[in-house]
Amino acid sequence: MQAKWRPVWEKLDPFKARDDGSAERRYALTMFSYPSGDLHMGHAEVFALHDLLSRYWFQKGYDVLNPIGWDSFGLPAENAAIKRNEHPATYTYANIETQAESIRRYGMSFDWSRRLHTSDPEYYKWTQWLFLRFYERGLAYRKASFVNWCPYDQTVLANEQVIQGRCERCGHEVTKRELTQWYFKTTEYAQRLLDDMELLQWPEEILLMQRNWIGRSEGAFANFQVEGRDEPIKVFTTRPDTLFGATFMVVAPDAKLAAELVTPDQQAAFDEYLTAVKSTTEIERLSTERDKTGVFLGSYAINPVTGERIQIWAADYVLADYGTGAIMAVPGQDTRDWEFAEKFGLPIVRTVQPSADFEGKAYTGEGPAINSANDEISLDGLGVDQAKARIIDWLDSKGLGERTINYRLRDWLLSRQRFWGAPIPIIHCPACGEVPVPDDQLPMELPDLRGADLAPKGVSPLAADREWVEVDCPKCGGKAERDTDTMDTFVDSSWYFLRYLSPEYTDGPYDPAAAERWMSVYQYVGGKEHAVLHLLYARFFVKALHDMGLLSVVEPFTRLLNQGQVINQGKSMSKSLGNGVNLGDQIDLYGVDAVRLTMVFAGPPADDIDWADMSPGGSLKFLQRAWRLAGSVEAPLGSDPSTGDVELRRITHRTIADSAELIDSMRFNVMVARIMELVNATRKAIDAGPGAADPAVREAVETVAVLLSLVAPYTAEDMWETLGYEPTVAKAGWPEVDPALLVQDTVTCVVQIAGKVRDRLEVAPDIGDADLEQLALASDAIQKALDGRGVRKVIVRAPKLVNVVPA
Ligand code: ANZ
Ligand code: ZN
């Protein structure tokens, strides 16, 4: 069937978006793939689910845009290429061809005319162009700081790419390095990223992950004077009400402030400590289980309300890039501070009265403030919220602090010390500083570096190509150097859905008129592993583009569907476990349609699919049963179904109506079950009467073909041909439902009085007990038989029986 239909479809090209205003537009998008190897079972699942939706909208008559491309820059391809001693470009483009062939074989309804690869110069020219627009607005900037470093990939990573202290790509433990790097100012959008979530129809789980990642907390800044230093230390606290209990301070050892505060006699101890801290992951640092470590810096601060002289320590449980990188430690109310104070013998003062039954260390609960008064202000007796408000007002009036909101979200570190990415279009000039590459010189192409050693060494391989690096400054003409870092692949994927809209457009990254017509993406389908990566970055990009006047929408993806994982024998597939399942083998064994059907039928789309529990052979058998129906039909093409068997017609029309509802609510597996029921009913109608010549049978089989076209395109196309139609069934149109055929059948309900049948009622099969009781008692026959007697009890067994017990 593949050999027969592929050329026909490729010639018809039925899935090209028309974009002519002839129908309502719908943008269907599936996450594009990394070209590392051929398609795998995970692709097979996401493609099957995504294609079902797109094909449904095609059938419904929408002008669907369903593009495909490759996220072809990046570490996975680069690492794989290096391992094979190949150039990343060779490896990448070969894989793209392999995947493209597999996708066509899989029968996807893509508009291939919009195909793109993010590693093509025609694409990354615009990635660079966008970078420069961000740069002009101050949304891209360079700064030195301690950054996440992957010792295996020899490159920095964004916070979002550190998963439980490990590199998102290779799984190695991440360490810290001080480097000057490029950032996008995602933090400027923190609040809007939160607020606009209300525009999104996304799984609550993903929204929650983003909300936590952005991590908004309300609190205050408070200033602490330092002995012998002009500038005070500013701290961020969510519990300003506990200020009277701040008995020492802690700064992050890797923050600049620590190095400034350390006194000469503590320098050696501090240096030793800092070295140890650098190899500690953020997860470890924040862990409450870990033994507290730290070092006294030798400096003292003054608590602004108690006037006490308090020690300043450095400890790794305070992070350099959160809040201000310094905290007031309140052991009485904070668990980590308590542990630290206990270990190093620092004073502890409770400022919240614990409840009577409390027997712990730090008390983090509610209670009246205690030990919190001086000559000017008293919080004693106030509850936490009141005390917070009072102290913030006081700090504010004294110029010692202010109310504030803090976000956990960090700016997005975007530069990478690797070859296979878009070069950062900046030139460093000793005289002019950072100079953007002029737009008309874009793309700033990668040097070829064929034959060069691309293995990660901690500096970008681009730096080794002196001829490429050395340029004339675009501003002063003097000797200057190109930036040698490349951009994170997530920059490429933050705007690819816009390039699809006008892939040939040369006046900008996308045609603004096309964006006006198609955006936002109506439905995005892909994995939830991107929750705080791609899905957050793309939202940031779209908001920034909106602010630049380049886009009218503020969100990229209106709806989101996250498919589950395909696992095997209860575990993720992996080489080391030896439980991998090869997609090509499955297709060879059962065919494309059976694999697709199995994926859709496995369960709700968000659930994992254990391939060991699946029966692609069973799917194949079902498809053959469905396919044989087409050959059995005897009623001629165009025969009038209204003259056909009403029972079968009821089932057909109910299946069409239910399928639409089930797809809209993403219950695809149930829809497949309904198609199976229709197939069985049709077979029965053929074999046991009313027979193959009944026009209702033709109607039923045509319906099966159209419904199946969403999941099993080859089988459906073949059926369509047998039924006497021209290809393609993909555009047959969604069958119209006759509402008269949806009216539910009724059942007969027997109404008894004291066990004797007195009436029969025709009722809906799903009638409720209460409704049925009311109906029974209202019946004339029953009222007559009761003859004025009262009712002691009514026993209802909906929908079949009501028994009235008279008084
Ligand atoms: C005093 C205090 C007393 C605090 C108390 C908490 C409880 P969230 O809610 O997560 O934003 N903090 C501030 N900056 C920090 C940093 N760079 N590294 C580690 N911890 C830091 O947490 C805010 C609280 O975490 C702040 O409020 C501060 O401790 C701490 F009973 O200040 B708190
Ligand atoms: Zn210059």
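Residues numbered from 1 in each chain as written. Chains lettered and ligands numbered in written order. Predicted model: local features only at pLDDT ≥ 70, side-chain atom pairs only at ≥ 80, totals over all residues. Heavy atoms only, no water.

### Thoughts on the sheet that holds strand E28 (residues 609–610)
- An order of E27-E26-E28 is seen for the 3 strands of this open sheet, with the pairing classed as mixed. The two strands at the open ends of the sheet, each matched to only one other strand, are strand E27 (571–572) and E28.
- With 2 bridges connecting them, strand E26 (residues 566–568) and E27 associate as antiparallel partners. In the sheet register, asparagine 568 faces E27, and the bridge partner there is lysine 571. (Pairing = 2+ DSSP bridges. Helix = DSSP H or I, 4+ residues; strand = E, 2+ residues; numbered from the N terminus.)

### Structural notes on the UniProt feature "short sequence motif: 'HIGH' region" (unreviewed entry) in the protein chain
- Sites flagged by UniProt as "short sequence motif: 'HIGH' region" (unreviewed entry) map to residues 33–43.
- Helix makes up 27% of residues 33–43 and strand 0%, and the two end C-alpha atoms of the span are 8 Å apart. (UniProt positions renumbered as here; feature names shortened; annotations may be inferred.)

### Some words on the environment of aspartate 439
- You can see aspartate 439 is positioned in the loop between strand E20 (433–436) and helix H13 (466–469).
- Accessibility expressed as a relative area gives 35% for aspartate 439, which makes it partly exposed.
- Setting aside residues up to four positions removed in sequence, aspartate 439 forms contacts with Trp129, Leu132 and Arg133.
- A polar contact is formed between the side chain of aspartate 439 and the side chain of tryptophan 129, at a distance of 3.5 Å.
- Here the side chain of aspartate 439 touches arginine 133 through a polar contact of 3.1 Å, side chain to side chain. (Buried < 20%, exposed > 50% of the residue type's maximum accessible area, 1.4 Å probe, protein only. Contact = heavy atoms within 4.5 Å. Polar contact = N/O pair within 3.5 Å; in protein donor to acceptor, adjacent residues only side chain to side chain.)

### Description of the domain arrangement of the protein chain
- Here the protein chain is partitioned into domain 1 (125–188 + 412–489), domain 2 (216–407), domain 3 (616–741) and domain 4 (747–806).
- Each of domain 2 and domain 4 has a C-alpha centre, and the two are 73 Å apart. (Domains from an automatic or database assignment.)

### Observations regarding the coordination of the zinc ion (ligand 2)
- Note on the zinc ion (ligand 2): its protein donors are Cys429 (SG), Cys432 (SG), Cys473 (SG) and Cys476 (SG). The metal-donor distances range over 2.0 to 2.6 Å.
- Coordination at the zinc ion (ligand 2) is tetrahedral: its 4 donor atoms span angles of 97 to 122 degrees at the metal.
- Counting along the primary sequence, the residues that act as donors to the zinc ion (ligand 2) give the motif C-x2-C-x40-C-x2-C. Within this pair, whereas cysteine 429 is found in strand E19 (residues 426–429), its partner cysteine 476 is found in the loop between strand E21 (470–472) and strand E22 (479–482), the two being separated by 47 residues in sequence.
- Using a relative accessible area of 5% as the deciding quantity, one classes cysteine 429 as buried.
- Under the relative-accessibility criterion, cysteine 476 is labelled partly exposed at 44%. (Donors = N, O, S within 2.8 Å, 3.2 Å for Na, K, Ca; no water. Tetrahedral: all angles 85-135°; square planar, octahedral: opposite > 155°, others 65-115°.)

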